[in-house]
Amino acid sequence: MKIHRILLLLLLMNVSISVIGQDKRKEEFEGFKKFLPYIIKGFQEESISSKQINEETSGVFNKPWEVKKLQEAEVNTIIDKLATNKRFKIKKDYTGEWKLDFFSKLKNYESIEEIHKSNNRLSNVFIQISEIQIQDDKSVSVYIDDKNKNIKNNESKDLEFSSGQIHTTFPIKEEYSNLNGNITITLKGYASVAYKEFQKEDKDITFDLGNNKGIKLLKINKNIAYFVLPTKIDDVDIISTNKKNEKFSSHSKSMIPEKVYDFAKKDNLTEASIQSFIDTLSQEDVYQKSQLLKYETNGNIESLYIFIKSNEVDLGAKKLKIEM
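Residues numbered from 1 in each chain as written. Predicted model: local features only at pLDDT ≥ 70, side-chain atom pairs only at ≥ 80, totals over all residues. Heavy atoms only, no water.

## Concerning the pairing of strand β14 (residues 291-297)
Regular strands place their side chains on alternate faces of the sheet. Across the seven residues that make up β14, a large majority, seven, are buried. Of the two faces of β14, the one holding Gln 291, Leu 293, Tyr 295 and Thr 297 and the one holding Leu 292, Lys 294 and Glu 296 are both buried throughout. In this structure, strand β10 (residues 224-229) lies alongside β14, joined through six bridges in antiparallel fashion. Note that in β14 the partner of Val 228 across the bridge is Leu 292. Bridge count for strand β13 (residues 251-257) against β14 is seven bridges, and the pairing is antiparallel. Bridging from a neighbouring strand, Ser 252 pairs with Glu 296 of β14. (Buried < 20%, exposed > 50% of the residue type's maximum accessible area, 1.4 Å probe, protein only. Helix = DSSP H or I, 4+ residues; strand = E, 2+ residues; numbered from the N terminus. Pairing = 2+ DSSP bridges.)

## Here's the deal with the nonpolar core
Ile 134, Phe 161 and Ile 183 are the most contacted members of the largest nonpolar core, which totals 32 residues. Of all the secondary structure elements, the ones that give two or more residues to this core are α2 (72-84), β2 (87-92), β3 (98-105), β4 (125-135), β6 (165-171), β7 (180-199) and β15 (303-323). Apart from residues lying up to four places away in sequence, Ile 134 is in contact with Leu 100, Val 140, Ser 141, Val 142, Tyr 143, Phe 170, Ile 172, Leu 179, Asn 180 and Ile 322. Leu 36, Tyr 226, Ile 256 and Phe 277 belong to the second largest nonpolar core, which has 21 residues in total. (Core = buried A, V, L, I, M, F, W, Y, C linked by side-chain atoms within 4.5 Å. Contact = heavy atoms within 4.5 Å.)

## Describing unusual backbone geometry
Backbone geometry at Glu 55 places phi at a positive 65 degrees, although glycine is not the residue there. Looking at the secondary structure, you find Glu 55 in the loop between α1 (2-44) and β1 (57-60). Classification of Glu 55 as partly exposed rests on a relative accessible area of 34%. Located in the positive-phi region is Asn 311, a residue other than glycine, with phi close to 60 degrees. The topology assignment puts Asn 311 in strand β15.

## Some words on the confidence of the model for the chain
When pLDDT is averaged across the chain, the result is 87; 90% of the residues are at 70 or more. Confidence drops under a pLDDT of 50 for residues 1-20, and excluding neighbours within four residues, the segment shows zero contacts in the predicted structure. This stretch, residues 47-51, has a pLDDT under 50; its non-local contacts, to residues over four places away or in other chains, come to six contacts. (pLDDT = per-residue confidence, 0-100.)

## Thoughts on the side chain of Asn 242
Mapped onto the fold, Asn 242 is located in the loop between β11 (236-241) and β12 (246-248). According to the relative accessible area criterion, Asn 242 is buried, its value standing at 15%. A distance of 2.9 Å separates the side chain of Asn 242 from the backbone nitrogen of Lys 244, its partner in a polar contact. (Polar contact = N/O pair within 3.5 Å; in protein donor to acceptor, adjacent residues only side chain to side chain.)

Here it is as structure tokens:
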């Protein structure tokens, strides 16, 4: 009888978690549908503007799949410097909410070249923050969720290096004169990088990227490239370069269901026909079927690289104290 009760409780817990997940997905789906009219109109009005193509670059592109792995001494140095240079500060953000601001850096760089070199060396690693404990002077947790103001537990954050720096904020209940606690920083790396290279004249090429099969490059048109993905993939990186292998300074990615993209290319669409199309969309169309990935940058693409980093490994960790 006791075993039956335990099994029943586990079943109820799984059902509850499943319902919560479904409710979150449904809420996300309804939000997506509200923005769809603007997305569809955006594709209809799309044109390549000379103002967008300014050809500005941000250094030579160093291919992540060619970057050598960090040695143990380098890992220890990175973690020690982040621990030494850490800074915590209580401040109110632009929304009026109170945050505990966390910042750290490896060093003060003296040149752009030095920054580019650092960015390249750290391109396959990131910092994960976990075991977050933020307490007031009575040892009461004050770390909250931005949306519903509940106390957060067992959360982690992933931070990319930017010019050798990391930065994030933690929502707190209110302003405090004293805070204490700790966070754990873990330097993590990617053990593998799956990639594919293209030139500006390439089109209609189907390829695999790691475990993701059947991706297709449709075309490269000046500063824009289009891909079709068999399903939604969130961890795809794309970099484009000029003839000198220099990265363009800005870019954006947008992903929409291929069904939406095909509809948006039709002529003589009206608000009524757009709304009618949106009403027929299902969650399966949006989340499980093929996606159109649009990549846009600020220069005429000469070479294009699409890649996925995977197989995260822990390289080293350290606990940092919060004392304010």
